[in-house]
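Each chain, letter by letter, is given below.
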Amino acid sequence: MAIGWFIVPYKREEDDPRPVRYCAIDDQTTIIIASGGMWTESEVLGDRAIVKVRASTPVLSDLDVLYKRLPKDDINQSLSDLSTGGRDSLKSELLDMGYENSEIEVSLGTDVRDNTLGDYLNFAATRRLKPRYDRGTDTIVLDGKIQSCKSIDDVNQRVR
Amino acid sequence: MAFPTTGILDDFNGGDAQPPSGSWSDDPGDNGDNQLSQESNTVVSASGTSSGYWNPLTFTEAEVFISIPTKGGNGDELGLYTRLDAPNTTGVDGYKAEWTVRGAVDKCEIFRIDNGSLTQLGLDRTVEMADGDDFGFWSDGTTHRFYIDDGGGWAETFNEVDATYTAAGEIGLRIEATVYVCDDFGGGEVVAVGVIQDPITSGIIPFRR
């Protein structure tokens, strides 16, 4: 068994008339469980989740095609050996979530490689916004008040 | 952990009525659901989907449970609510456990409710529902626990962690489809071992030494 950390979007439940959303990795739960694995998540900013997966190496490779896999598997591992492209990719992900460059740099510095995976994930789990249902457009909108995220420590402990 | 620690709030034995009594308010999830119906000493959905929430009291460490004499058909959901805030409004928040009949593999889920939208916590679990099962849900601090009694005693099936809503709120029930027959709705403020609570203010049967 192996471990992988992913950033995964939320999806609207299509066969439910109610406004229901779920972490897209649940579409792969069957193959993850079949490989003897498990997953858990922390919902973060930008309608996505930080997901820790325990599964077989082939299954993790399959998930890598579908979702953004983070470069390290242990939250204590340094990001210092990332390429420039890897560094930029990680920062872009935070900007896409909706974090400001200034707040990223206050917490993680100007080079995310100066941090551990855990530092990066903890920043990504700084906040999220409360969802609401817009009946007029039949969409779930994430523009409400700031809410806290499940801690990365909880995620890390729950799936080992 | 012991479950449940509280007693039955409504055994639905008061004669046919819709809703079952004045202790039930409508459509906690603001889904346009019908009122629950009390029929032949059970609670059912007389038409389409019905739901209600127990309005006399709110509960923080909230547990809720229901008996299922007759399970639903394929695609039919049974839901239990805890910590409902602003039920039956577009701003309803809280938690919900769902057990849905799905062909050969029935599905168990836990959701957080935010302004009427539902976000699933964690993954689908699969546990077959059978006539005679009991279904329970407990919001225990920041851990939300899904319980089933298949005749062998109550057991926690799984749990999910979410710390968003921790304040007291109502508990409730949702029955999708007329096939379901349910009974003995119960729940309330979880009773810690050794603690004696006033049955009137807490809405539970007192701990008996």
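Residues numbered from 1 in each chain as written. Chains lettered and ligands numbered in written order. Predicted model: local features only at pLDDT ≥ 70, side-chain atom pairs only at ≥ 80, totals over all residues. Heavy atoms only, no water.

Draft legend 1. Highlighting the interface of chain A and chain B. Taken together, the 25 residues of chain A in the interface contact 28 residues of chain B. Of the roughly 2,000 Å² buried between chain A and chain B, counting both surfaces, carbon and sulfur atoms make up 41%. Looking at the side of chain A facing chain B, the largest losses of area belong to Arg 18, Lys 130 and Arg 158 of chain A, adding up to 27% of the total buried there. Linking chain A with chain B are 7 salt bridges. Notably, a salt bridge pairs Arg 112 of chain B with Glu 43 of chain A, separated by 2.9 Å at the nearest N-O pair. (Contact = heavy atoms within 4.5 Å. Buried area = accessible area lost by both parts, 1.4 Å probe. Salt bridge = Lys/Arg side-chain N within 4 Å of Asp/Glu carboxyl O.)

Draft legend 2. Local environment of the packing of helix α3 (residues 84-97) of chain A against helix α5 (residues 117-124) of chain A. Residue and element names in this part refer to chain A. Between α3 and α5, whose axes approach to 11 Å, the crossing angle comes to 10°. One element, α3, and the other, α5, form an angle in the roughly parallel class. Where α3 crosses over α5, the handedness of that crossing is right-handed. Packed against α3, whose contacting residues are Leu 90, Glu 93, Leu 94 and Met 97, the element α5 presents Tyr 120, Phe 123 and Ala 124 at the interface. A class-by-class count of the residues in the contact of α3 with α5 yields 6 nonpolar, no polar and 1 charged. (Axes fitted to C-alpha atoms, helices over the stretch in contact; angles between N-to-C directions. Helix = DSSP H or I, 4+ residues; strand = E, 2+ residues; numbered from the N terminus. Parallel < 35°, antiparallel > 145°, perpendicular 65-115°, else oblique. Left-handed = near helix turned anticlockwise from the far one by under 90°. Nonpolar A, V, L, I, M, F, W, Y, C, P; charged D, E, K, R; others polar.)

Draft legend 3. Layout of the nonpolar core. Counting 33 residues, the largest nonpolar core has Ile 66, Leu 78, Phe 135, Phe 146, Leu 173 and Phe 185 of chain B as the members making the most contacts within it. Those elements that place two or more of their residues in this core are β6 (62-70), β7 (77-85), β8 (93-100), β9 (107-114), β11 (133-140), β12 (143-149), β14 (170-176) and β15 (181-189) of chain B. At 4 residues, β6 of chain B tops the list of elements feeding residues into this core. Grouped together as the second largest cluster of nonpolar side chains are 26 residues, Ile 50, Ile 75, Tyr 120 and Phe 123 of chain A included. (Core = buried A, V, L, I, M, F, W, Y, C linked by side-chain atoms within 4.5 Å. Buried < 20%, exposed > 50% of the residue type's maximum accessible area, 1.4 Å probe, protein only.)

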